[in-house]
Amino acid sequence: MHIGVCTLHLRLASSHSLKEKRRIVKSIKDRVRSRFNVSIAEVDALDSWQLATIGVACVSNETTFTNSVLSNVVNFIDDLRLAELVDYHIEIQ
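All values reported here derive from a predicted model rather than from experimental measurement. (Residues numbered from 1 in each chain as written. Predicted model: local features only at pLDDT ≥ 70, side-chain atom pairs only at ≥ 80, totals over all residues. Heavy atoms only, no water.)

Engineer: Could you clarify how one ought to interpret the overall build of the protein chain in this entry?
Structural biologist: Helix and strand content of the protein chain: two helices and four strands. Over its C-alpha trace the protein chain gives a radius of gyration of 13 Å, about what one expects of a compact globule, namely 12 Å for 93 residues. Taken over the C-alpha atoms alone, the protein chain extends approximately 40 × 20 × 15 Å along its principal axes. Taking all 93 residues of the protein chain together, 34% fall into the buried category. (Helix = DSSP H or I, 4+ residues; strand = E, 2+ residues; numbered from the N terminus. Rg over C-alpha atoms; globule rule 2.2 N^0.38 Å. Buried < 20%, exposed > 50% of the residue type's maximum accessible area, 1.4 Å probe, protein only.)

Engineer: Help me understand a nonpolar patch on the surface, please; the structure alone is not making it clear to me.
Structural biologist: On the surface, a cluster of nonpolar side chains totalling about 400 Å² of accessible area is made up of Met1, Ile3, Val5 and Val59. Examined against the element boundaries, Val59 turns out to sit in strand E3 (residues 51–60). (Patch = residues over 30% accessible without salt bridge, like charges linked within 9 Å, V, L, I, M, F, W, Y side chains within 5 Å. Areas by Shrake-Rupley, 256 points an atom, 1.4 Å probe, with all protein chains shown as cover. Salt bridge = Lys/Arg side-chain N within 4 Å of Asp/Glu carboxyl O.)

Engineer: Looking at this structure, I do not really get the environment of Ala41. What am I missing?
Structural biologist: Here Ala41 shows up in strand E2 (residues 39–44). Residue classification places Ala41 among the partly exposed positions, given a relative accessible area of 33%. With sequence-adjacent residues up to four places away left out, Ala41 is seen in contact with Lys29, Thr53, Ile54 and Gly55. (Contact = heavy atoms within 4.5 Å.)

Engineer: Hey, could you run me through the nonpolar core in this one?
Structural biologist: Note on soluble globular proteins: their nonpolar side chains tend to be buried together. Counting residues in hydrophobic clusters, the biggest one holds 24 residues, and the most contacted among them are Leu10, Ile28, Val32 and Val56. Of all the secondary-structure elements, those providing two or more residues to this core are strand E1 (2–11), helix H1 (18–35), E3 and helix H2 (63–80). Tallying contributions element by element places H2 first for this core, with seven residues. When residues no more than four places from it in sequence are discounted, the contact partners of Ile28 are Leu10, Ile54, Ile77, Leu80, Leu82 and Ala83. (Core = buried A, V, L, I, M, F, W, Y, C linked by side-chain atoms within 4.5 Å.)

Engineer: I'm lost on unusual backbone geometry in this one. Help?
Structural biologist: Trans is the common state for peptide bonds, and a negative phi is the common state for residues other than glycine. Positive phi outside glycine occurs at Ala45, with the angle close to 60°. Tracing the backbone shows Ala45 in the loop between E2 and E3. The backbone of Arg81 sits at a positive phi, close to 60°, despite the residue not being glycine.

So far we have only geometry, and geometry alone does not tell us how the molecule works.
Now the structure itself:
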C-alpha cells in the first residue's frame, strides 16, 4: 500500500473576506472530489483571507499511480484559475 500526500499553497488575490475565501476553497474541493477519487481538505491558513493551504491524500497499490493522480490534481487546480498556485509538495510513502 502506498500513501501519497500533496500539500498545495494557494493565493486568493480576489478574496476580500473569509466568506469569499471559503466559497472559493469549497468550489476547488468539490471539483477535485468529483473528478478524482481523493481526500481533500483545507489544512492551514484558516484565518487568512488571501492564503489557503490544501491537503490532498491518495492511497493506491502502485507508487506511479499515486504520483500520477496527485500530479493531475495539482495541474487541475492550477488550470481552474480560481486561485494562484504558489507552491506544492508531493510526498509518497
